[in-house]
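Residue-level listing of the chains:
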Amino acid sequence: MRAVIPVLVSLAWLGACGGSSHGQPEQANRDSIQADSAALASKAFDSTVFDTITWKKEGADTARGSVVYRVSCVRCHGEDGAGVKNAVFRGDTLNVPSFLGPDWALADSPMVLRKLIFVGDSTGMPHFGIIGLHYRDVDAVARYIMKDLRAGDTKKK
Ligand code: HEC
């Protein structure tokens, strides 16, 4: 009987832990996982790949970018790219910035924009380069943001 009590106590403790985190890693843990993933993606990023990408037909880039945006970005960044304040995604509260406005920091930095999409960061922006978005689609969605979203053109193509 004596041996049973500690086992029960430790099971109850494990149960309480699982319950409070809803099966997700603790916040500090998730922050460090995100930082690690961003570091990995940053190492993998090769800006010269973009020099090899060509779009043969006028508008083919933004047409593809519009699809990529709808599938991978719209749930956080919003239909028009205006961002969302205090949005809750998988238990995290995120402030998603706007791409719009004349003084947007990345407006004149097309490669920084591509790298940010590829690498993500440790505060909620996913690491698309290492979770399955090809360079061509990073290029397409960057073009879509620059050419269409920032011009207020959100129609599906
Ligand atoms: C899970 C939510 C989420 C998804 C999905 C997401 N983002 Fe983000 N994104 C964020 C957050 C949060 C930030 C702000 C990070 C920060 O404050 O450091 C951000 C920042 C950015 C920025 C930097 C903006 C700036 O002004 O500094 C760009 C560019 C961007 N995202 C592009 C994209 C693209 C393109 C996609 C789709 C391929 C995408 N994001 C998908 C959450 C998301």
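Residues numbered from 1 in each chain as written. Predicted model: local features only at pLDDT ≥ 70, side-chain atom pairs only at ≥ 80, totals over all residues. Heavy atoms only, no water.

Things to note about the overall build of the protein chain
Next up, step 1: The helix and strand inventory of the protein chain stands at 5 helices and 2 strands.
Next up, step 2: Looking at the protein chain residue by residue over its 157 residues, the buried ones come to 33%.
Next up, step 3: The long-range fraction of contacts in the protein chain, counting pairs at least 24 apart against all pairs at least 6 apart in sequence, stands at 63%.
Next up, step 4: Accessible area of the protein chain: about 9,800 Å², with a carbon and sulfur share of 59%. (Helix = DSSP H or I, 4+ residues; strand = E, 2+ residues; numbered from the N terminus. Buried < 20%, exposed > 50% of the residue type's maximum accessible area, 1.4 Å probe, protein only. Contact = heavy atoms within 4.5 Å. Areas by Shrake-Rupley, 256 points an atom, 1.4 Å probe, with all protein chains shown as cover.)

Focus: the coordination of the iron atom of the ligand
Next up, step 1: Around the iron atom of the ligand, the protein contributes the donor atoms His77 (NE2) and Met125 (SD), which lie 2.0 to 2.1 Å from the metal centre.
Next up, step 2: Coordination geometry of the iron atom of the ligand: the 6 donor atoms subtend angles of 85 to 179° at the metal centre, consistent with an arrangement described as octahedral. Pair noted here: histidine 77 is in helix α3 (residues 60-77) and methionine 125 is in the loop between α4 (110-119) and α5 (135-147), with a separation of 48 residues, a long-range link. For the pair histidine 77 and methionine 125, a shared accessibility class is recorded, and that class is buried. (Donors = N, O, S within 2.8 Å, 3.2 Å for Na, K, Ca; no water. Tetrahedral: all angles 85-135°; square planar, octahedral: opposite > 155°, others 65-115°.)

Details of the site of the ligand
Next up, step 1: With respect to spatial proximity, 23 residues lie near the ligand, and among them Cys73, Cys76, His77, Asp121 and Met125 are the closest.
Next up, step 2: For the ligand, an oxygen atom lies 2.7 Å from a polar atom in the side chain of tryptophan 104.
Next up, step 3: One of the side-chain nitrogen or oxygen atoms of aspartate 121 is found 2.6 Å away from an oxygen atom of the ligand.
Next up, step 4: At the level of secondary structure, the elements contributing two or more residues to the shell around the ligand comprise α3, β2 (92-96), α4 and α5.
Next up, step 5: Examining the composition of the shell around the ligand, we find that 5 residues originate from one element, α3, more than from any other.
Next up, step 6: Here the residues of the shell around the ligand sort into 16 nonpolar, 5 polar and 2 charged. (Near = heavy atom within 4 Å. Polar contact = N/O pair within 3.5 Å; in protein donor to acceptor, adjacent residues only side chain to side chain. Nonpolar A, V, L, I, M, F, W, Y, C, P; charged D, E, K, R; others polar.)

Thoughts on the packing of helix α2 (residues 27-44) against α4
Next up, step 1: In contact at an axis separation of 8 Å, α2 and α4 are set at 130° when each is read in the N-to-C sense. Here α2 lies oblique to α4, going by the angle between them. Of the two elements, α2 crosses α4, and the hand of that crossing is right-handed. Within the contact between the two elements, α2 uses Ala38, Ala41, Ser42 and Ala44 and α4 uses Lys115, Phe118 and Val119.
Next up, step 2: For the contact of α2 with α4, the residue count by class is 5 nonpolar, 1 polar and 1 charged. (Axes fitted to C-alpha atoms, helices over the stretch in contact; angles between N-to-C directions. Parallel < 35°, antiparallel > 145°, perpendicular 65-115°, else oblique. Left-handed = near helix turned anticlockwise from the far one by under 90°.)

Concerning the pattern of salt bridges
Next up, step 1: What the rule picks out here adds up to 7 salt bridges.
Next up, step 2: Among the ionic pairs, arginine 30 bridges to aspartate 92, the shortest N-O distance being 3.4 Å. In this pair, arginine 30 is assigned in helix α2 and aspartate 92 in strand β2, connecting sequence segments 62 residues apart. Exposure class is identical for arginine 30 and aspartate 92. Each is buried. (Salt bridge = Lys/Arg side-chain N within 4 Å of Asp/Glu carboxyl O.)

A look at the nonpolar core
Next up, step 1: One finds Tyr69, Trp104, Ile117 and Phe118 to be the most contacted residues of the largest nonpolar core, which totals 28 residues.
Next up, step 2: At the level of elements, α2, α3, α4 and α5 are the ones that each hand at least two residues to this core.
Next up, step 3: The dominant element in this core, judged by the number of residues it contributes, is α5, at 7 residues.
Next up, step 4: Not counting residues up to four positions away in its chain, the partners in contact with tryptophan 104 are Ser98, Phe99, Leu113, Ile145, Met146 and Arg150.
Next up, step 5: Core analysis: the second largest hydrophobic core is formed by 5 residues, Ala87, Phe89, Leu94 and Val96 among them. (Core = buried A, V, L, I, M, F, W, Y, C linked by side-chain atoms within 4.5 Å.)

Some remarks on α4
Next up, step 1: For α4, the full list of buried residues reads Leu113, Arg114, Ile117, Phe118 and Val119.
Next up, step 2: Where the residues of α4 are buried, they touch α2 and α5.
Next up, step 3: Directly beyond the C-terminal end of α4, a positive phi value near 70° is found at glycine 120.

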